[in-house]
Amino acid sequence: MPRLLVIVLLGLSLTVAQADTALFSAQGYRIAQYRSPTPAAVDGAETLDTQALQQLMEHTPSAILIDVYRRPWLQGRFIDNEPHANLPGSLWLANTGDGDLDPTWQNYFNHHLGKATGGRADQPLVFYCRSDCWLSWNAVKRAAAMGYKQLYWYRDGLDAWEAAHLPLQAARPEPFP
């Protein structure tokens, strides 16, 4: 019996420790447990499913697809620790969906969004990652805070695209400017 009691108490203490972990920053960005269930929507953007994304991609001006999946960064370069694919034509702005971006990563995000949109705040932008991934949710919020107006969140991301048997392309993160 004492062993069972120890296991139960350990489980309770872990639950309490997780409950005490802050999930959001003071600015409202998700800062922990990035791979967990996401809400149905994010302020400032329209949530898309795969069919809606395909329809959007047929419009002019064409939406810019932005993958924010993480990639290890070490000594000033991305580490290719595993292959990554994304939706054809996407920009991969790795690590820009983190809740706390230091100035280097914020500048990387700003630079590539500005370059991709030609500085036009009305350029449609679609952010995605994987399913149950808060990184793209954060990136949408960040782009809205920067003044971008036509924002979309492909909530189920790469996983939904793959499940629909749609084409992928080998991907490399955009380089630092």
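Since the model is a prediction, treat every value here as computed from it, not as a measurement. (Residues numbered from 1 in each chain as written. Predicted model: local features only at pLDDT ≥ 70, side-chain atom pairs only at ≥ 80, totals over all residues. Heavy atoms only, no water.)

Engineer: Hey, could you run me through the pattern of salt bridges in this one?
Structural biologist: It is possible for side chains of opposite charge to pair when their charged atoms get near one another. Summed over the entire model, instances satisfying the criterion amount to five salt bridges. Asp122 is the salt-bridge partner of Arg120, the closest N and O atoms lying 3.3 Å from each other. Take Asp122: its relative accessible area is 41%, and that puts it in the partly exposed class. Of the charged contacts in the structure, one is a salt bridge between Glu162 and Arg130, with a shortest N-O distance of 3.4 Å. Highlighted residues: Glu162 in helix α5 (residues 157–163) and Arg130 in the loop between β7 (125–128) and α4 (134–145), separated in sequence by 32 residues. Bridged by salt links that share partners, the residues Arg130, Asp159 and Glu162 form one connected network. (Salt bridge = Lys/Arg side-chain N within 4 Å of Asp/Glu carboxyl O. Buried < 20%, exposed > 50% of the residue type's maximum accessible area, 1.4 Å probe, protein only. Helix = DSSP H or I, 4+ residues; strand = E, 2+ residues; numbered from the N terminus.)

Engineer: Any chance you could explain the sheet that holds strand β6 (residues 91–92) here in plain terms?
Structural biologist: As a general point, the strands of a sheet are linked pairwise by backbone hydrogen bonds and lie either parallel or antiparallel. Taken together, the five strands give an open sheet; going across it, the order is β1-β8-β7-β2-β6, and neighbouring strands pair in parallel fashion. At either end of the open sheet lies a strand with only one pairing partner, and these are β1 (46–48) and β6. In this sheet, β7 lies alongside strand β2 (residues 64–67) in parallel orientation, the contact comprising four bridges. By the bridge assignment for β7, Asp67 is matched with Tyr128. The strands touched by helix α3 (residues 103–117) within the sheet are β2, β6 and β7, with β7 carrying the most contacts at an inclination of about 140 degrees. Lying on the sheet, α4 is in contact with β7 and β8 (151–154); it crosses β8 at an angle near 175 degrees. (Pairing = 2+ DSSP bridges. Contact = heavy atoms within 4.5 Å. Axes fitted to C-alpha atoms, helices over the stretch in contact; angles between N-to-C directions.)

Engineer: Just checking my understanding: could you explain α3 for this structure?
Structural biologist: An α-helical turn contains 3.6 residues, so a residue and the one three or four places further along point in the same direction. For α3, which comprises 15 residues, the first-to-last C-alpha distance of 21 Å matches the rise-based estimate of 21 Å (1.5 Å per residue) to within 8%. Those residues of α3 that are buried are in contact with β2, β3 (73–74), β4 (77–78), β6, β7 and α4. Where α3 starts, the residue carrying a side-chain oxygen 2.9 Å from the main-chain nitrogen of Thr104 turns out to be Asp102. Just downstream of α3, Gly118 is the residue with a positive phi angle, here 65 degrees. (Expected span 1.5 Å × (residues − 1). Polar contact = N/O pair within 3.5 Å; in protein donor to acceptor, adjacent residues only side chain to side chain.)

Engineer: I'm lost on the pairing of β2 in this one. Help?
Structural biologist: Every other side chain in a regular strand lies on the same face of the sheet, so the side chains alternate between the two faces. Going residue by residue along β2, you find Ile64 and Ile66 tucked away on one face and Leu65 and Asp67 tucked away on the opposite face as well. Where β2 meets β6, two bridges bridge the pair, whose relative direction is parallel. Bridge pairing in β6 places Asp67 opposite Trp92.

Engineer: What is the right way to read the environment of Phe127 from this model?
Structural biologist: Note that Phe127 resides in strand β7. On the basis of relative accessibility, which here comes to 0%, the residue Phe127 falls in the buried class. Separated by 27 residues in sequence, Phe127 and Tyr154 place their C-alpha atoms 6.1 Å apart. If sequence neighbours within four positions are ignored, Phe127 has contacts with Ile66, Val68, Phe109, Leu113, Ser136, Ala139, Val140, Ala143, Leu151, Tyr152, Trp153 and Tyr154.

Engineer: What should I look at first to understand the nonpolar core in this one?
Structural biologist: Generally speaking, soluble globular proteins have nonpolar side chains that are buried together. Formed by 30 residues in total, the largest nonpolar core has its most connected members in Ile66, Val68, Leu113, Leu125, Phe127, Val140 and Leu151. Looking at this core, the elements with two or more residues in it are β2, β6, α3, β7, α4 and β8. With six residues, α4 is the single largest residue contributor to this core. Residues within four places of Leu113 in sequence aside, it is in contact with Ile66, Leu93, Leu125, Phe127, Ala143, Met146 and Tyr148. Among the nonpolar cores identified, the runner-up in size contains twelve residues, and Leu56, Ala63, Leu87 and Tyr128 belong to it. (Core = buried A, V, L, I, M, F, W, Y, C linked by side-chain atoms within 4.5 Å.)

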